[in-house]
Amino acid sequence: MNVIARVFNIVFVLVLAVPALAQENMRLTALHAVEGKPALYELSLTVTDTLKPDAAFEIKIPQNLDFSAVKVVGSPSMKGGFTFEVSDSALVLRRSGLGPAVPAGEKVKIIFGPLTAKKPFKDRAAVDVRINQAGRKSPVRRVAIFFQKDERVF
């Protein structure tokens, strides 16, 4: 194999791998979650493409989580507000269209809930997340659920 072919192969792999690695920046954290009790959840990510004012985050919720009581969706880092809808096993968090676009590279957080864990989570609990905007759907990303320990002193 000649040098040009090798360089081409390396560049091709990097072009495929770098966006995949950039997508690994999404995290879902259960804030003070306790089995059987409602808790807020925080989805945090670094935007890889400009996030439009009407972008939607579709989160496929595992059966262990009851999301029928969701009442709150907001973001300390994105202006304009959110709406939400529940459909089958998915929760869709949609930007209202009123705030500005979020440029690539920005870190954002969305807080939503309450969700209630019906039973304790096993290791490697995860959700599937897809970002929909301008008629395009991003690939589904498998996102691990992390649990914030409640360190409050009573």
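A short tour of the structure in this document, coming up. Numbers given for residues are sequential positions, taken from 1 along each chain in its written order. Predicted model: local features are reported for residues with pLDDT of at least 70 only, side-chain atom pairs are reported and counted for 80 or more only, and whole-chain, interface and lining totals are derived from all residues. Each side-chain value is derived from all of the structure's non-hydrogen atoms; neither hydrogens nor water enter the calculation.

### Here's the deal with the pairing of strand E2 (residues 38–46)
Logical step 1: Note that strand E1 (residues 27–31) and E2 share 5 bridges and pair antiparallel. Paired with Arg27 across the bridge in E2 is Ser44.
Logical step 2: Pairing between strands requires that DSSP locate at least two bridges from one strand to the other. Strands are runs of DSSP state E lasting at least 2 residues, helices are runs of H or I lasting at least 4, and numbering of each runs from the N terminus. Linking E1 back to E2 in an antiparallel pair, the connection comprises 6 residues, with His32 at a positive phi of about 60 degrees.
Logical step 3: Both E2 and strand E8 (residues 107–117) contribute to a ladder of 8 bridges, which runs antiparallel. For Thr46, the partnering residue across the bridge sits in E8 and is Lys107.

### Considerations on the nonpolar core
Logical step 1: Throughout this description, the term nonpolar core refers to a set of buried Ala, Val, Leu, Ile, Met, Phe, Trp, Tyr and Cys residues connected via side-chain atoms within 4.5 Å. Relative accessibility decides the category of a residue: with a 1.4 Å probe and only protein chains considered, values under 20% of the type maximum give buried, values over 50% give exposed, and everything between is partly exposed. Residues Tyr41, Leu43, Phe57, Leu93 and Phe112 are the most contacted members of the largest nonpolar core, which totals 33 residues.
Logical step 2: Contributions of two or more residues to this core are made by E1, E2, strand E3 (56–60), strand E7 (90–95), E8, strand E9 (126–133) and strand E11 (141–148).
Logical step 3: By the convention used here, residues are in contact when the closest approach between their heavy atoms is within 4.5 Å. Beyond its immediate sequence surroundings of up to four residues, Tyr41 is in contact with Leu28, Thr29, Ala30, Ala33, Leu65, Ile110, Ile111, Phe112, Leu115, Phe121 and Ile145.

### Observations regarding the pattern of salt bridges
Logical step 1: One speaks of a salt bridge when a side-chain nitrogen belonging to Lys or Arg is within 4 Å of a carboxyl oxygen belonging to Asp or Glu. One pass over the structure, following the stated rule, counts 2 salt bridges.
Logical step 2: Linking Arg94 and Glu85 is a salt bridge whose minimum nitrogen-to-oxygen distance equals 3.7 Å.
Logical step 3: The class of Glu85 is partly exposed, set by a relative accessible area of 40%.
Logical step 4: A salt bridge links Arg142 to Asp128, with the shortest nitrogen-to-oxygen separation between them at 2.8 Å. Highlighted residues: Arg142 in strand E11 and Asp128 in strand E9, separated in sequence by 14 residues.

### Digging into the side chain of Ser75
Logical step 1: Inspection of the secondary structure assignment puts Ser75 in the loop between strand E5 (72–74) and strand E6 (82–87).
Logical step 2: Ser75 sits in the buried class, given a relative accessible area of 18%.
Logical step 3: Within polar-contact distance, the side chain of Ser75 engages the backbone nitrogen of Ser77 at 3.1 Å.
Logical step 4: For this analysis, a polar contact is any N or O atom pair within 3.5 Å, provided that within protein one partner can donate a hydrogen and the other can accept it, and provided that sequence-adjacent residues contribute only side-chain to side-chain pairs. Within the structure, Ser75 has its side chain in polar contact with the backbone nitrogen of Met78 (distance 3.0 Å).
Logical step 5: If we ignore the near neighbours within four places in the chain, the residues touching Ser75 are Phe82, Lys109 and Ile110.

### Examining the pairing of E1
Logical step 1: Across the 5 residues of E1, 4 count as buried, placing the element largely inside the fold.
Logical step 2: Pairing of E1 with E11, which is carried by 4 bridges, proceeds in the parallel orientation. Its bridge partner being in E11, Ala30 is matched across the sheet by Phe147.

### Side note on the side chain of Glu42
Logical step 1: Summarising the element assignment, Glu42 is placed in strand E2.
Logical step 2: Other than its neighbours up to four places away in sequence, Glu42 contacts Arg27, Leu28, Thr29, Leu31, Lys109, Ile110 and Ile111.

### Observations concerning the packing of aromatic side chains
Logical step 1: A pair of aromatic rings is counted whenever rings of Phe, Tyr or Trp (Trp by its six-membered ring) have centres within 6.5 Å, and the orientation is called stacked for planes under 30 degrees apart, edge-to-face for over 60 and tilted otherwise. Applying the stated rule across the entire model yields 1 aromatic pair.
Logical step 2: On the numbers, 6.3 Å between centres and 25 degrees between planes, the contact of Tyr41 with Phe112 is stacked. With Tyr41 in strand E2 and Phe112 in strand E8, the pair connects residues that are 71 residues apart, well separated along the chain.
Logical step 3: One residue, Arg27, lies across the ring of Phe146, its end atom 3.7 Å from the ring centre. Note on geometry: a ring has a charge over it if NZ (lysine) or CZ (arginine) is within 6 Å of the ring centre and within 35 degrees of the ring normal.

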